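Take a look at the letters that make up each chain.
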Amino acid sequence: MAARKPDAANEHQATIFVFGTKLLVTLRGIDAATAQAATAKLEQQFQHMQRNWNAWKSGELTDLNQAIADGRSMAVSPHLLGLIEMAKRFESLSDGLFNPALGGIVGAWGFHSDERPMGYRPDLPAISTLALRKPTMGDVSIEGTVVACTNKWVQFDFGGFAKGVALDLAEETLKSFGIQNALLNAGGDINSMGNGGACPWRISIRDPKSSGVIAVITLAPDEKIYTSGNYERFHEIDGVRFAHTLDPRSGIPVDHIISATVIADSGALADATATALTVAGPRDWHRIARKMGVKYALLVDERGGIHLNPEMRARISFSSDRAFTLIESPPL
Ligand code: AMP
Ligand code: MG
């Protein structure tokens, strides 16, 4: 955790390293001692989640994945159960495009690693065999606290929305300290809490084509904004880039979208939807966004074209130093 920096506006900032990224915590309207205690609690909780929700390091999730591979059912903790229940709901809402049961395939592409898997050569026949086994959340049932699965090729990988779930839980913790205004920014995936107090939360949407910014947006109180991108986490085989987001229908990395940004009322929904829209692509994103119940979405395609709904367009200010090709959809 980095040093906190209280300033005149009673704002406190801390940095926590979690889920392979830097989480910047901004707390407003409280004293320094409360900020310090709340941040310490968050750090402790994130460590717990990081340990137990990781798809490739030993913890509760890898135990569950092993049980499924062995054909056993397993009782799990309330947090993991909540994650599985949400995963089932989002998979069904996204028509299967958001599919956290395809961890075996994500691993086979070499993405179960803290580093970018440069030089890793995936076994393509093994990947297509795995995809043909069609692991889905529909194969998973829950009874009480016990998780059972009828398809032993299911391997959970919650990387598509764990950050969102974690930031939603962090909000609950902050509320228990009496905190009403906070911004949790995990590398551009953001939960806002409250209206920001004296000044609203203003956010930049990154340009996946450069290190700059596409647009800025002022968040309404309690909004969450998440971006899924293929531009950061990928690997190259013989000069071809493979993204870490897979199309569950084929098991192959998506190639038609560079980034998808979603605003929603919960971090979990925003995160899951951003991943689902990355898979849905320019042709299907609108239908899936509507089905998942989000009101604002913006996608950047591989040519730099920006697809967005009119409600999103009305809220954002585009960066003035670039011309954008906008492809506006019907309202969501
Ligand atoms: P995100 O950056 O939120 O889009 O999450 C990407 C991560 O989600 C990947 O690194 C995988 O762990 C996982 N993932 C990949 N493809 C999918 C998918 N179709 N549905 C759900 N999770 C996925
Ligand atoms: Mg996501």
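A quick note: this is a predicted structure, and the numbers were derived from the prediction, not measured.

Novice: Honestly, the overall build of the protein in this entry has me stumped. Any pointers?
Specialist: Counting its secondary structure elements, the protein contains 8 helices and 19 strands. Relative to the compact-globule value of 20 Å for 332 residues, the protein shows a C-alpha radius of gyration of 20 Å, a close match. The principal-axis extents of the C-alpha atoms in the protein amount to approximately 60 × 45 × 35 Å. Taking contacts inside the protein between residues at least 6 apart in sequence as the whole, the part at least 24 apart equals 59%. In the structure as shown, the protein presents an accessible area of about 14800 Å², 52% of it carried by carbon and sulfur atoms.

Novice: For this particular structure, what's the right way to read the nonpolar core?
Specialist: Soluble globular proteins: nonpolar side chains tend toward being buried together. F46, F156, F158 and F161 are the most contacted members of the largest nonpolar core, which has 71 residues in total. With 13 residues, the single largest contributor to this core is helix α7 (residues 267–292). The residue makeup of this core includes at least three contributed by each of domain 1 (2–48 + 165–328) and domain 2 (54–149). When neighbours within four sequence positions are excluded, F161 is seen to be in contact with L83, M86, A87, F90, F98, A268, D271 and A272. Membership of the second largest hydrophobic core comes to 18 residues, among which are I214, A215, L298 and L308.

Novice: Help me out: how do you make sense of the coordination of the magnesium ion (ligand 2) in this one?
Specialist: Geometrically, a metal with four donors at the corners of a regular tetrahedron has ideal angles of 109.5 degrees, and one with six donors at the corners of a regular octahedron has ideal angles of 90 or 180 degrees. With distances of 2.1 to 2.4 Å, the protein atoms coordinating the magnesium ion (ligand 2) are G160 (O), D271 (O), D271 (OD) and T275 (OG1). Donor residues for the magnesium ion (ligand 2), ordered by position in the chain, follow G-x110-D-x3-T. Of this pair, G160 sits in the loop between β5 (146–149) and α6 (162–176) while D271 sits in helix α7, placing them 111 residues apart in sequence. Taking relative accessible area as the criterion, G160 reaches 18% and is therefore assigned buried. For D271, a relative accessible area of 6% puts it in the buried group.

Novice: Hey, could you run me through the sheet that holds β5 in this one?
Specialist: Backbone-to-backbone hydrogen bonds join strands into a sheet, with any given pair of strands oriented parallel or antiparallel. The strand order across the open sheet built from 3 strands is β3-β5-β4, with neighbouring strands paired in antiparallel fashion. The two strands at the open ends of the sheet, each matched to only one other strand, are β3 (74–75) and β4 (140–143). Bridge count between β4 and β5: 4 bridges; the pairing is antiparallel. When the sheet's bridge partners are listed, S141 is paired in β5 with A148. Along the sheet, helix α3 (residues 78–93) makes contact with β4 and β5, crossing β4 at roughly 135°.

Novice: What is the right way to look at the sheet that holds strand β7 (residues 189–193) in this model?
Specialist: Spatially, β1-β2-β6-β7-β10-β15-β16-β17-β19 is the arrangement adopted by the 9 strands of the open sheet, whose pairing is mixed. Each of the sheet's edge strands pairs with one partner strand only, and the pair in question is β1 (11–18) and β19 (326–328). Each neighbouring strand pair of the sheet contributes to a mean axis angle of 15°, computed without reference to strand direction. Here 6 bridges tie strand β10 (residues 224–229) to strand β15 (residues 257–264), and the two strands are oriented antiparallel to one another. The partner of G229 across the bridge, within β15, is S259.

Novice: Can you help me understand the domain arrangement of the protein in this one?
Specialist: In many analyses, interface size is given as the accessible surface area lost on bringing the parts together. The domain boundaries assigned to the protein delineate domain 1 (2–48 + 165–328) and domain 2 (54–149). Computed over C-alpha atoms only, the centres of domain 1 and domain 2 are separated by 23 Å. Taken together, the contact between domain 1 and domain 2 spans 30 residues of the former and 29 residues of the latter. Of the roughly 2500 Å² buried between domain 1 and domain 2 on both sides combined, carbon and sulfur atoms contribute 68%. Counting the contacts that link domain 1 with domain 2 gives 2 salt bridges. Between K291 and D95 there is a salt bridge, with the nearest N and O atoms lying 2.5 Å from each other. Taken together, the elements giving at least two residues each to the side of domain 1 that touches domain 2 come down to α6, β11 (234–237), β12 (240–243), β14 (252–253) and α7.

Novice: Explain α6 to me, please; I cannot follow it from the model alone.
Specialist: Residues lying three or four places apart along an α-helix face the same way, a consequence of the helix completing one turn every 3.6 residues. Along its 15 residues, α6 runs 21 Å from first to last C-alpha, staying within 8% of the 21 Å computed at 1.5 Å per residue. Among the residues of α6, A162, G164, V165, A166, L167, D168, A170, E171, T173 and L174 are the ones counted as buried. Positioned one or two residues after α6, G178 has a phi angle of 80°, which is positive.

Novice: Explanation requested: the packing of α6 against α7 in the structure shown.
Specialist: Axes are the key here: two packed helices are described by the angle between their axes and the distance separating the axes. The contact between α6 and α7 brings their axes to 7 Å, and the two run at 170°. Taken together, the axis directions place α6 and α7 in an arrangement best described as roughly antiparallel. Side by side, α6 and α7 meet where A162, K163, G164, V165 and D168 of the first sit next to G267, A268 and D271 of the second. Split into classes, the residues belonging to the contact of α6 with α7 amount to 3 nonpolar, 2 polar and 3 charged.

Here is what the cut-offs are and how they apply
Residues numbered from 1 in each chain as written. Chains lettered and ligands numbered in written order. Predicted model: local features only at pLDDT ≥ 70, side-chain atom pairs only at ≥ 80, totals over all residues. Heavy atoms only, no water. Helix = DSSP H or I, 4+ residues; strand = E, 2+ residues; numbered from the N terminus. Rg over C-alpha atoms; globule rule 2.2 N^0.38 Å. Contact = heavy atoms within 4.5 Å. Areas by Shrake-Rupley, 256 points an atom, 1.4 Å probe, with all protein chains shown as cover. Core = buried A, V, L, I, M, F, W, Y, C linked by side-chain atoms within 4.5 Å. Buried < 20%, exposed > 50% of the residue type's maximum accessible area, 1.4 Å probe, protein only. Domains from an automatic or database assignment. Donors = N, O, S within 2.8 Å, 3.2 Å for Na, K, Ca; no water. Pairing = 2+ DSSP bridges. Axes fitted to C-alpha atoms, helices over the stretch in contact; angles between N-to-C directions. Buried area = accessible area lost by both parts, 1.4 Å probe. Salt bridge = Lys/Arg side-chain N within 4 Å of Asp/Glu carboxyl O. Expected span 1.5 Å × (residues − 1). Parallel < 35°, antiparallel > 145°, perpendicular 65-115°, else oblique. Nonpolar A, V, L, I, M, F, W, Y, C, P; charged D, E, K, R; others polar.

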